[in-house]
Amino acid sequence: MLLLLATLLAPPPPQTSVELRVTSVDDGAAKLLEQTLVQRLGARLLEDGYRVVPAGRVAGVRVWVHLEATGATIETRGAGLRIETVPAGDPALVSLEIQQLATALVDEVEPGPAEPQPAVALELSGAPRDPELRERLQRGLLGRGFALTRSPNAGDRRLCVAVADSGEARVHVVGGDGSCDDESSAATQVPAGETVARGREILLAEVAAALDAVVPEPVPWEGQGATIRPAPSVSESSQPAPAESSESSDPRALVFTVAAHGGVLARTGGPVDGLAGFGVRVGRRRGLGGAIDCIVVPSGAEGLRVVEAAPTAAIDWRLGFAERGVVALGLFAGVHLHHYAQTGGARDTRVGASAGATVRLGWLGRRGALLFAGLRAGWSGGNWVHVYDTAISWRRSDLVLGLEFGAGWDIALRRGGRR
């Protein structure tokens, strides 16, 4: 009996907060589906008893839905990580499948630690001309930084919106443990708009203004500046994610890059030679980095074999464009080793200086795969000449221009103190 009484008197468990984020590629169908999902998925999570917070706010579970032409990726992260994909198809069916799968994943993932934050419960009454007014208001409030709930407590706010047949509305805000029948708070009369869409805009502006005066500032999530993209199309068990997974697409993440490249190198006074190279880089995925690189340029002529190598140190700055594009602008300096061997004759290695600039255009894949092409220009080595049988057989100047194509891998490095 005492156990039953204690159970009845115990406060209800805190609601799990869910950060909802929906993104899409620049595609018309994906953009339309994005707008629908923000409304429908947010409403479904609220109906299931979750507290929905805007993107970038602290939450026990973070849900990221990314839409592409080939389908959708759903990443759900709490104390563990779950990732699922939905193939492309009929937009209505895809939307429904995403909603069902996302809510199921939220149920399965154990929430991470999150401090409670105030939320808004929307109570809509009357006969609105817009049948989707509730979902549209909820979407607008999320976009303006308000967390939402269907079960407010004393620290929350209840937003009361009564809509008349004419389209006019009456708005007032009471405490989360209060009732919309309480008329003690000041009410705002909102006129009807010339159109349904205009009326919705006016109403949303008024309810946001009413809430701004009474709702405290939300707690920001420590990683809100990050840009986390959904991971590849595989299903993962609900285990704590490694550091690389959590930062696989973070533009500010510190990465270690290995890359190999090949191409051609042209210098005035001689033919074009092939080149091969290998390099390593440490720096931001998009931002400043430092690299060590070495190119090897084999060449030759009648009675002569030449192998040149240019190990250099470099700094570069990566700039992002589009969704996965990157432009790297770099400066390099080092030494130029010119090794030659004459048939049946002398062999030696000469040393010169090497310096110049590189411009590379690249594409970053989901797990750090990197493809790039670029130009190399500068000053390298010296104006070297080789003579065979009293005639010049090999000549190269110190001005170089190279064309490179390569591939590599960005490996995210663990940051100290980050989960």
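Everything below is about the structure shown above.
Summary of the structure given here.

Reading the values: rules and limits
- Residues numbered from 1 in each chain as written.
- Predicted model: local features only at pLDDT ≥ 70, side-chain atom pairs only at ≥ 80, totals over all residues.
- Heavy atoms only, no water.
- Helix = DSSP H or I, 4+ residues; strand = E, 2+ residues; numbered from the N terminus.
- Buried < 20%, exposed > 50% of the residue type's maximum accessible area, 1.4 Å probe, protein only.
- Contact = heavy atoms within 4.5 Å.
- Core = buried A, V, L, I, M, F, W, Y, C linked by side-chain atoms within 4.5 Å.
- Expected span 1.5 Å × (residues − 1).
- Patch = residues over 30% accessible without salt bridge, like charges linked within 9 Å, V, L, I, M, F, W, Y side chains within 5 Å.
- Areas by Shrake-Rupley, 256 points an atom, 1.4 Å probe, with all protein chains shown as cover.
- Salt bridge = Lys/Arg side-chain N within 4 Å of Asp/Glu carboxyl O.
- Polar contact = N/O pair within 3.5 Å; in protein donor to acceptor, adjacent residues only side chain to side chain.
- Pairing = 2+ DSSP bridges.
- 1 Å grid on protein atoms, 1.4 Å probe; cavity = no way out; pocket = protein on both sides within 12 Å on 5 of 7 lines; lining within 4 Å.
- Points joined across faces, edges and corners; volume = space filled by probe spheres on them.
- Nonpolar A, V, L, I, M, F, W, Y, C, P; charged D, E, K, R; others polar.
- Axes fitted to C-alpha atoms, helices over the stretch in contact; angles between N-to-C directions.
- Parallel < 35°, antiparallel > 145°, perpendicular 65-115°, else oblique.
- Left-handed = near helix turned anticlockwise from the far one by under 90°.

Notes on the overall build of the protein chain
Piece 1. A tally of regular secondary structure across the protein chain gives 6 helices and 19 strands.
Piece 2. The burial tally for the protein chain puts 44% of its 419 residues in the buried class.
Piece 3. Intrachain contacts of the protein chain at a sequence separation of at least 6 include 64% that bridge at least 24 residues.

Quick look at the nonpolar core
Piece 1. Val 65, Leu 67, Ile 98, Leu 159 and Leu 203 are the most contacted members of the largest nonpolar core, which has 45 residues in total.
Piece 2. Among residues more than four places away in sequence, those in contact with Leu 67 are Val 22, Thr 23, Ser 24, Val 25, Ala 30, Leu 33, Glu 34, Leu 37, Ala 72 and Ile 98.
Piece 3. By size, the runner-up hydrophobic cluster in this structure holds 6 residues, among which are Leu 265, Ile 295, Val 297 and Ala 310.

A few points about helix H5 (residues 196-212)
Piece 1. Its 17 residues give H5 an end-to-end C-alpha distance of 24 Å, which sits within 8% of 24 Å, the value for a rise of 1.5 Å per residue.
Piece 2. Contact partners of the buried residues in H5: strand S6 (120-126), helix H4 (133-143), strand S7 (157-163), strand S8 (169-175) and strand S9 (188-190).

Here we look at unusual backbone geometry
With glycine set apart, most residues show a phi of negative sign, and most peptide bonds adopt trans.
Piece 1. Within the chain, Asp 389 stands out as a residue other than glycine whose phi angle is a positive 55 degrees.
Piece 2. Position of Asp 389 relative to the elements: it lies in the loop between strand S17 (384-388) and strand S18 (391-396).
Piece 3. You can call Asp 389 exposed: its relative accessible area is 63%.

Focus on a nonpolar patch on the surface
Piece 1. On the surface, a nonpolar cluster with roughly 670 Å² of combined accessible area is contributed by Leu 288, Ile 315, Trp 317, Leu 319, Leu 329, Leu 331 and Val 359.
Piece 2. For the nonpolar patch, the leading source of residues is strand S13 (residues 304-321), giving 3 residues.
Piece 3. Mapped onto the secondary structure, Ile 315 falls in strand S13.

Quick look at the environment of Ala 208
Piece 1. Within the secondary structure, Ala 208 is located in helix H5.
Piece 2. What Ala 208 contacts, discounting residues up to four positions off in sequence, is Arg 144 and Phe 146.

Focus: the side chain of Glu 404
Piece 1. Its location among the elements puts Glu 404 in strand S19 (residues 399-412).
Piece 2. On the accessibility criterion, Glu 404 (0% relative accessible area) is buried.
Piece 3. Polar contacts involving the side chain of Glu 404 include one to the side chain of Arg 360, which spans 3.2 Å.
Piece 4. Residues within four places of Glu 404 in sequence aside, it is in contact with His 261, Gly 262, Gly 263, Leu 275, Ile 295, Arg 360, Phe 372, Ala 373, Gly 374 and Arg 376.

Things to note about the pairing of strand S3 (residues 61-68)
Piece 1. Of all 8 residues in S3, 7 are buried; the element is thus mostly enclosed.
Piece 2. With 7 bridges connecting them, S3 and strand S4 (residues 71-77) associate as antiparallel partners. Across the sheet, the residue bridging to His 66 is Thr 73, located in S4.
Piece 3. Between the end of S3 and the start of S4, which pair antiparallel, lie 2 residues.

Remarks on the pairing of strand S15 (residues 347-364)
Piece 1. With 17 bridges connecting them, strand S14 (residues 325-342) and S15 associate as antiparallel partners. Of the residues in S15, the one forming a bridge with Val 335 is Ala 353.
Piece 2. As consecutive antiparallel partners, S14 and S15 are separated by 4 residues, and within that stretch Gly 344 has a phi angle of approximately 65 degrees, a positive value.
Piece 3. Linkage of S15 to strand S16 (residues 369-381), two consecutive antiparallel strands, is achieved through a turn of 4 residues, within which Gly 368 is found at a positive phi near 100 degrees.

Some thoughts on empty space enclosed by the protein
Piece 1. Within the structure shown, the criterion is met by 6 cavities of 30 Å³ or more.
Piece 2. Taken as a whole, the largest cavity encloses approximately 370 Å³ of empty space.
Piece 3. What lines the largest cavity is a set of 26 residues, among which Arg 281, Ala 291, Asp 316, Ala 328 and Arg 360 lie closest to the centre.
Piece 4. Listed by contribution, the elements that provide at least two residues to the lining of the largest cavity are strand S10 (254-267), strand S11 (273-284), strand S12 (288-301), S13, S14, S15 and S16.
Piece 5. In terms of residue count, the dominant contributor to the lining of the largest cavity is S14 (6 residues).
Piece 6. Taken together, the residues of the lining of the largest cavity break down into 13 nonpolar, 7 polar and 6 charged.

Some details on the environment of Glu 201
Piece 1. Mapped onto the elements of the fold, Glu 201 is located in helix H5.
Piece 2. Glu 201 sits 64 residues away from Leu 137 along the chain, and the two C-alpha atoms are 9.3 Å apart.

A few points about the packing of H4 against H5
Piece 1. Between H4 and H5, whose axes approach to 10 Å, the crossing angle comes to 50 degrees. It follows from the interaxial angle that H4 and H5 lie oblique. In the crossing of H4 with H5, the sense of the turn from one axis to the other is right-handed. Here H4 contributes Leu 133, Arg 136, Leu 137, Gly 140 and Leu 141 to the contact with H5, which in turn contributes Arg 200, Leu 203, Leu 204, Val 207 and Leu 211.
Piece 2. Its residues placed into classes, the contact of H4 with H5 shows 7 nonpolar, 1 polar and 2 charged.

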